[in-house]
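# Coordinate inspection notes
In case you want the letters, here they are:
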Amino acid sequence: MIISMKLHATPQEIAEVRKKVEEFGYKVHSIEGEERVVIAVVGVGDVTACLESVEAMPQVENVVRITAPYKFVSKEFRQGRTRIRVGGVEIGGDEFVVMAGPCSVESEEQIMRAAEGVAQAGAKILRGGAFKPRTSPYDFQGMEEEGLKLLRKAKQATGLAIITEIMGDRDVNLVAEYADILQVGARNMQNFVLLKALGKCGKPILLKRGMSSTVKELLMSAEYIVAHGNPEVILCERGIRTFETVTRNTCDIAAIPALQELTHLPIVLDPSHATGKRSLVPALSRAGVAIGADGLIVEVHPAPEKAVSDGAQSLDIPQFQRMMQELKPYIQLWQESRKKEVAAAAGR
Ligand code: PEP
Ligand code: MN
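Note that the structure is a prediction, hence the values are computed from the model and not measured.

### Overview of the nonpolar core
- Core analysis: the biggest nonpolar cluster contains 75 residues, and Leu126, Leu182, Leu198, Leu207, Leu235, Val298 and Phe320 have the highest contact counts within it.
- Domain assignment of the residues forming this core places at least three in each of domain 1 (2-64) and domain 2 (84-347).
- Apart from residues lying up to four places away in sequence, Val298 is in contact with Val98, Met99, Ala100, Gly101, Arg127, Pro271, Ser272, Val281, Leu315, Phe320 and Met323.
- If you look at the next biggest cluster of nonpolar residues, it comprises 18 residues, including Val17, Val37, Val54 and Met57.

### Regarding the coordination of the manganese ion (ligand 2)
- All of the protein donors around the manganese ion (ligand 2) are Cys103 (SG), His273 (NE2), Glu299 (OE) and Asp310 (OD); their distances to the metal are 2.1 to 2.4 Å.
- Site description for the manganese ion (ligand 2): donor spacing in sequence, C-x169-H-x25-E-x10-D. Linking Glu299 in strand β14 (residues 295-299) with Asp310 in the loop between β14 and α11 (317-347), this pair joins segments that are eleven residues apart in sequence.
- Overall, the relative accessible area of 1% leaves Glu299 in the buried class.

### Re the confidence of the model for the chain
- For the chain, per-residue confidence averages 95 on the pLDDT scale, and 100% of positions sit at 70 or higher.
- Ranking the elements of the chain by mean pLDDT puts strand β2 (residues 27-32) last, at 85, and strand β12 (residues 233-237) first, at 99.

### What about the environment of Gly295?
- Structurally, Gly295 is set in strand β14.
- With a relative accessible area of 0%, Gly295 lands in the buried category.
- Between the C-alpha atom of Gly295 and that of Ile331, which follows or precedes it by 36 residues, the distance is 10.0 Å.
- Setting aside anything within four residues of it in sequence, one finds Gly295 in contact with Phe96, Val97, Ile267, Val268 and Leu269.

Each value, and the rule that gives it
- Residues numbered from 1 in each chain as written.
- Chains lettered and ligands numbered in written order.
- Predicted model: local features only at pLDDT ≥ 70, side-chain atom pairs only at ≥ 80, totals over all residues.
- Heavy atoms only, no water.
- Core = buried A, V, L, I, M, F, W, Y, C linked by side-chain atoms within 4.5 Å.
- Buried < 20%, exposed > 50% of the residue type's maximum accessible area, 1.4 Å probe, protein only.
- Domains from an automatic or database assignment.
- Contact = heavy atoms within 4.5 Å.
- Donors = N, O, S within 2.8 Å, 3.2 Å for Na, K, Ca; no water.
- Helix = DSSP H or I, 4+ residues; strand = E, 2+ residues; numbered from the N terminus.
- pLDDT = per-residue confidence, 0-100.

Written out as structure tokens, the structure is:
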């Protein structure tokens, strides 16, 4: 159950509602939105009696019964799409947003060349890991704050917004100082301490699906972030681990429309980690546009053969530019279909 308070509800009135709900044996979680306070009710109790009783309270705007275990991120909570503004673009809105850049920030020259190349090709957000989760402790672990500073330089030079990975709760403030979007990697999708800390970071989060996680587990992880105060979560399908070995991961392309039936959050596709092979990235990117994802996050490196991580799945800049050109007619169809959706919603 989700309770929306009226616009000018006072702390006293909110406390009264919380108290009433708790009397029915439920736990409450309130979120202070820009406009109003919303209270999520979780646990076991007499839902009908609680709902009727709370609905009658004077400062309650409305009460919605939500059956999914994830409350704030469910479609029952909000019809339509959540739009997340980053820099000059809106993810989940009328524009198909492409994020691109290297797997890791490696040097000033590398990130500058990558940033200029992807910006020219039409990407709006620069990716690049400064903290890297690596399978081997002997592999390059990232430039850390030095890398964040280089990302900032690239942002200043190109106007691109920055997305970069956050690996631990202790680094949240540091990374949030530099990043426009904080990326939670597949390996950290269920790092609940981190997810809770991200609820308070004040920046949008891109949450990647864990490599052995179900769609519902992904939504529960998103719920952690939202329930702890941050409604700006972007989901990312990046492939899951299966028995198949031809691709690095198996892209669960159907997860995208499946998620759209379950949540109002935007969803992007990562065709690079989903395949592990640069030759497959353009085809999968087309699939992402066609299936109605809100955007892509693609690995692009000025010299993939020299990349310290994920070179085999990184496009070089001319390849990325070609792919962006080839995506144009698909993106046009995507935009027409979004327009129709908005018109249909307005006529409803
Ligand atoms: C990455 O984006 O470079 C990365 C490590 O991705 P994932 O968490 O999806 O493996
Ligand atoms: Mn990578």
